[in-house]
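Here is what each chain is made of, one letter per residue.
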Amino acid sequence: ADIDSLDQVVLAVAVPVVVCVLVGAAGLAVLALIRPEFAVANGVALAVALAGDVFISRRGRRTGESLAQARAAARARLVEVLDGRTELASYGAGELALAELRRDFKAVDRPRRRLTGREGAGTSLTDLMGTLALVAVLASGAGLGARPLDPAVLAFAALDRKSVV
């Protein structure tokens, strides 16, 4: 089981990271051959998005841990209530148990909302950096600071980014 878990980590984490780095580096290399300022704009946007995402995910670690602990406590209490449902009904303590369950599951909401907010911030930062890179490429390709690109290429770049957003 431990070897299977290790295989899962390698396949689920390491391989996608390596593929992402290779594809990103190849894309930036192709952009550098076509137009170096495109590669610079995209490289800077990629670096800022990556650094921001790492920062946000590290700040969300404690929140994720507290979410896991709150979920575990709520689930454990739910199992206890379900196991003792006959006794709770016999002694008329069902409402008290329900109130405790509501309190425990409500405690899960706070860290979940914080974590969702942080995930949203990471996604927003990534989208913003992609959009800013596109704007830089389109501005450069439109003739601001360099030779203009073919209008069809500019239209494709704009439509391509629009499909991502």
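Residues numbered from 1 in each chain as written. Predicted model: local features only at pLDDT ≥ 70, side-chain atom pairs only at ≥ 80, totals over all residues. Heavy atoms only, no water.

The number of helices and strands found in the chain is 6 helices and 0 strands. In the chain, the succession of α and β elements from N to C terminus is α-α-α-α-α-α. The 165 residues of the chain split such that 18% are buried. Restricting the contact set of the chain to residue pairs at least 6 apart, pairs at least 24 apart contribute 69%. Accessible surface for the chain amounts to roughly 11700 Å². Of this, 66% is attributable to carbon and sulfur atoms. (Helix = DSSP H or I, 4+ residues; strand = E, 2+ residues; numbered from the N terminus. Buried < 20%, exposed > 50% of the residue type's maximum accessible area, 1.4 Å probe, protein only. Contact = heavy atoms within 4.5 Å. Areas by Shrake-Rupley, 256 points an atom, 1.4 Å probe, with all protein chains shown as cover.)

With 5 residues, the main nonpolar core is built from L67, A70, A74, V108 and L115. Only α3 (61-83) and α5 (94-141) provide two or more residues apiece to this core. Among the elements that make up this core, the one with the highest residue count is α3 (3 residues). Residue contacts for A70: discarding those within four places in its chain leaves A107 and V108. (Core = buried A, V, L, I, M, F, W, Y, C linked by side-chain atoms within 4.5 Å.)

With that settled, the discussion passes to the environment of V135. Its place among the elements puts V135 in helix α5. Residue class for V135 comes out partly exposed when judged on its relative accessible area of 46%. For the pair formed by V135 and A41, sequence separation is 94 residues and the distance between their alpha carbons is 9.3 Å.

Before going further, it helps to examine the packing of helix α2 (residues 36-59) against α5. Where α2 meets α5, the closest approach of the two axes is 9 Å, and the angle between their N-to-C directions is 175°. Between α2 and α5, the crossing angle belongs to the class labelled roughly antiparallel. When α2 is examined against α5, the residues E37, F38, A41, N42, A45, V48, A49, G52, D53, I56 and R59 are found in contact with a partner set consisting of R118, A121, G122, L125, T126, M129, A133, A136, V137, S140 and G141. Split by residue class, the contact of α2 with α5 holds 12 nonpolar, 6 polar and 4 charged. (Axes fitted to C-alpha atoms, helices over the stretch in contact; angles between N-to-C directions. Parallel < 35°, antiparallel > 145°, perpendicular 65-115°, else oblique. Nonpolar A, V, L, I, M, F, W, Y, C, P; charged D, E, K, R; others polar.)

Now for the environment of I56. Here I56 lies in helix α2. Spatially, the C-alpha atoms of I56 and L125 are 9.9 Å apart, while their sequence positions differ by 69 residues. Excluding residues within four positions of it along the chain, I56 makes contact with R118, A121 and G122.

Looking at the secondary structure, you find T63 in helix α3. The contacts of T63, once residues within four sequence positions are left out, are P111, R114, L115 and R118.

Taking 1.5 Å of rise per residue, the 23 residues of α3 would be expected to cover 33 Å, and the 33 Å separating its terminal C-alpha atoms lies within 8% of that figure. If you check which residues of α3 are buried, you get T63, L67, A70, A74 and V81. Along its buried surface, α3 packs onto α2, α4 (85-91) and α5. (Expected span 1.5 Å × (residues − 1).)

So, about the side chain of D104. Relative to the helices and strands, D104 resides in helix α5. Once you skip the residues sitting within four places of it in the chain, D104 turns out to touch A74 and R77.

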